[in-house]
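Chain by chain, the residues:
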Amino acid sequence: MTEPVVVIGLGRFGGALALELVSRGTEVLGIDHRPKVVQAMSGRLPHVVRADSTDIEALRQLGVAEFRRAVVAIGTDIQASILTTSLLAELGIPDIWAKAVSDQHRHILTRVGAHKVVAPEHDMGERVAHLLSGRILDYVEVDADFAVVKTTPPREVVGVPLRDSRLRSRWGVTVVAVKPQAPPMGRRPEFTHATPDTVLAYGDLILIVGSIDNVERFAASE
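Residues numbered from 1 in each chain as written. Predicted model: local features only at pLDDT ≥ 70, side-chain atom pairs only at ≥ 80, totals over all residues. Heavy atoms only, no water.

Enquirer: For this particular structure, what's the right way to read unusual backbone geometry?
Expert: Most peptide bonds adopt trans geometry, and most residues besides glycine take a negative phi value. A positive phi is found at Arg166, a non-glycine position, where the angle reads about 55°. The topology assignment puts Arg166 in the loop between β8 (146-151) and α7 (167-171). (Helix = DSSP H or I, 4+ residues; strand = E, 2+ residues; numbered from the N terminus.)

Enquirer: For this particular structure, what's the right way to read the packing of aromatic side chains?
Expert: Applying the stated rule across the entire model yields one aromatic pair. Between the aromatic rings of Trp171 and Phe218, the centroid separation amounts to 5.2 Å while the plane-to-plane angle is 90°, which identifies the pairing as edge-to-face. Within this pair, whereas Trp171 is found in helix α7, its partner Phe218 is found in helix α8 (residues 212-220), the two being separated by 47 residues in sequence. (Phe/Tyr/Trp six-rings, centres within 6.5 Å; stacked < 30°, edge-to-face > 60°.)

Enquirer: Teacher, can you tell me more about the pairing of β8 here?
Expert: As a general feature of sheets, a regular strand has side chains that alternate between the two faces. By the alternation rule, side chains of β8 split into Ala147, Val149 and Thr151, which are all buried, and Phe146, Val148 and Lys150, of which none is buried. Taken together, strand β7 (residues 138-143) and the strand that follows it, β8, pair antiparallel across an intervening segment of two residues. (Buried < 20%, exposed > 50% of the residue type's maximum accessible area, 1.4 Å probe, protein only. Pairing = 2+ DSSP bridges.)

Enquirer: I'm lost on helix α4 (residues 78-90) in this one. Help?
Expert: In a regular helix each residue adds 1.5 Å, so 13 residues correspond to 18 Å; α4 covers 18 Å between its end C-alpha atoms and thus fits that length. On its buried side, α4 packs onto β1 (5-8), α3 (56-61), β4 (69-72), β5 (95-99) and α5 (103-112). One or two positions beyond α4, positive phi appears at Gly92, with a value near 85°. (Expected span 1.5 Å × (residues − 1). Contact = heavy atoms within 4.5 Å.)

Written as structure tokens, this is what we have:
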């Protein structure tokens, strides 16, 4: 079991997050000030209450200060988002996540105490843009200039062991896992760790890591 999480703001992002956490066995306290939202979530979340998250006494009475992790998922009311985040910091929550709707909002949330700021709409827009280019089938940015990409191999690296493919010297990427299109008889296709002896075939799925420019260049190659 993971540590309990308090999710404040149960709109599309916060509600989906809370439900996913619960489905994974995490205890969640959901908080929202809107009666209709709380009523809609009451049959889906084990613990959901209506409260004003900009009132520190209300947060104390709900036991929010006892949580080690909190998510401020308020998006439309920027003032409430910022004030709630600052109150959580005042309560000493050691791991505060907050949703931002703009770069300025992100900057302020960081200044008032958020340890991690996410921008779901912006991040999803970037991810979809990457998926629309080349042979990229899935894309995860793990740092400002580093990504993990699911793609298929270009013809130049098909049929030769990875040690002879010059992936790093030519493209600056590394294949870390392979899911063969045609697995051995009786076995389901699944990802396995790549080795220097791995030989790629057309239609295989591969996971590559590298700088964003390099993985995109690799995925765009024929």
